[in-house]
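Examination of the molecular architecture
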Amino acid sequence: MKRHLISAADLTRDDALLVLDTAEEMARVADRPIKKLPTLRGRTVVNLFFEDSTRTRISFEAAAKRLSADVINFSAKGSSVSKGESLKDTALTLEAMGADAVVVRHHASGAPQRLATSGWINASVVNAGDGTHEHPTQALLDAFTMRRHLSGVGRDLAGRRVTIVGDILHSRVARSNVLLLNTLGAEVTLVAPPTLLPIGVEQWPCQVGYDLDAVLAKSDAVMMLRVQRERMNAAFFPTEREYSRRYGLDGGRMAVLPEHAIVMHPGPMNRGMEITAEVADSPRCTAVEQVANGVSTRMAVLYLLLGGSEPALATARAEEPRPEEPRADDARPDDVPTEAARTEESK
Ligand code: NCD
């Protein structure tokens, strides 16, 4: 794996499968009474959030804490950024704090790339969403969720048909998903009004359509996207009613999906706009499960970027506890098979 995770395109098929398989191991930690591994003890993870976030921020925080890293949460509101401090000076401050990883969300597309290549910091940079550009860990947690439902652990998503619907133009989730799903062999179709498709979309590795009803019966997963009003400076569709009539998912449309198909949403949802409450609350909707899977996936990403060449749980076991503190993973560390043990089992 590369040292930074800026784009879903940074991941080869093998890298992506390594993250997803490691995330499966991490998910088992979530089932324990003590949800903690000592793997990143003594490492510092900074969550640098220049833009609002609920799920992504708390998910990265939970992930770093479950790996026993020291976590510093930095939000631009209430910091010296609101006094005009630049990204460079903020980065130099983080470097002085000894950050090993910086998780950055920024309203400007390209900010994480700048941080990673500027030489201002030595830390690994993880893009947690930059403008309308990319959100690679969301794509990973979405792939993790799809794999569990559609193809099975250990597999890729070859031949699975994924439909992504709505505000593609402003969605970093859509772009990262298209790239990663293509790497994993899935067939992606984007469905949106022409005004909400980005210029150059015909070069993306996917199909593009305008008629949701035409693709539902052929979809294994349908991902509904939020209409991002905060990024809209013009009228992109006539009325909300018109939008939801043509591009919203309601009970009637959900009934057309194949029986095994899932409905996904990265959150936050606009209930009544792109998705009805009936669909959002139905057992086929994986929105809440995606949040839980986000923690396991981000644990895997942080672990692999911060030097995990061995299986995470083997490293955890090898580490000696300090005398003054109990082992963080003393809740049955041995019942979780390592990568090596699982390979052995499957022979
Ligand atoms: C998305 C984001 O911020 O890009 N949400 C998320 O990370 N869970 C999508 C959105 O804001 O609609």
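Scroll up to find the structure.
Note on numbering: residues in each chain are counted from 1, in written sequence order. Local features in this predicted model are restricted to residues whose pLDDT is 70 or higher, and side-chain atom pairs enter the listing and the counts only when it is 80 or higher, whereas totals over whole chains, interfaces and linings include all residues. Side-chain measures here rest on the full set of heavy atoms in the structure, leaving out hydrogens and waters.

1. What to know about the side chain of Arg 226
Looking at where Arg 226 falls in the secondary structure, it is placed in the loop between β8 (221–224) and α8 (240–247). A distance of 2.8 Å separates a polar atom in the side chain of Arg 226 from a polar atom in the side chain of Glu 230. Residues count as neighbours in contact if any of their non-hydrogen atoms are within 4.5 Å of one another. In contact with Arg 226, other than residues within four places in its own chain, are Asp 167, His 265, Pro 268, Asn 270 and Glu 274. Starting at the N terminus, helices and strands are each numbered in turn, a helix being any DSSP run of H or I of at least four residues and a strand any DSSP run of E of at least two. Whenever two N or O atoms come within 3.5 Å, that pair is a polar contact, provided that in protein one can donate a hydrogen and the other can accept it, and provided that, for residues adjacent in sequence, both atoms are side-chain atoms.

2. A short note on the pairing of strand β3 (residues 101–106)
Counting buried positions over the six residues of β3 gives six, a clear majority of the element. Across five bridges, strand β1 (residues 44–49) lies against β3 in parallel orientation. For Leu 48, the partnering residue across the bridge sits in β3 and is Val 104. Strands were regarded as paired on the criterion that DSSP finds at least two bridges between them. The pairing of β3 with strand β4 (residues 124–130) spans five bridges and is parallel. Considered in β4, the bridge of Val 102 is made with Val 125. We call a crossover right-handed when, viewed with both strands directed away from the observer, the connection leading from the first strand over the helix to the second proceeds clockwise. Between the parallel elements β3 and β4, the chain passes through helix α4 (residues 111–117) in a crossover that is right-handed. Only protein chains enter the accessibility calculation, which uses a 1.4 Å probe; a residue is then buried when its area is under 20% of its type maximum, exposed when over 50%, and partly exposed in between.

3. What about the pairing of β1?
When you tally the buried positions in β1, you get six out of six residues, the bulk of the element. Of the two faces of β1, both are covered, the one formed by Thr 44, Val 46 and Leu 48 as well as the one formed by Val 45, Asn 47 and Phe 49. In terms of strand pairing, β1 meets strand β2 (residues 70–75) through six bridges, oriented parallel. Within β2, the position partnered with Thr 44 by the bridge is Asp 70.

4. Overview of the sheet that holds β3
On the basis of which strands lie adjacent, the open sheet formed by four strands has the order β2-β1-β3-β4 and parallel pairing. Edge strands, defined here as strands with exactly one partner in the open sheet, are β2 and β4. Each strand of the sheet is rotated relative to its neighbour by a mean of 15°, with strand direction disregarded. For every element, the axis is a line fit to its C-alpha atoms; helices are fit only across the contacting stretch, and the angle between N-to-C directions ranges from 0 to 180 degrees. In the packing of helix α3 (residues 87–96) onto the sheet, contacts are made with β1, β2 and β3, and the angle to β1 comes to roughly 160°.

The quantities given are spatial measurements derived from coordinates; they are silent on function.
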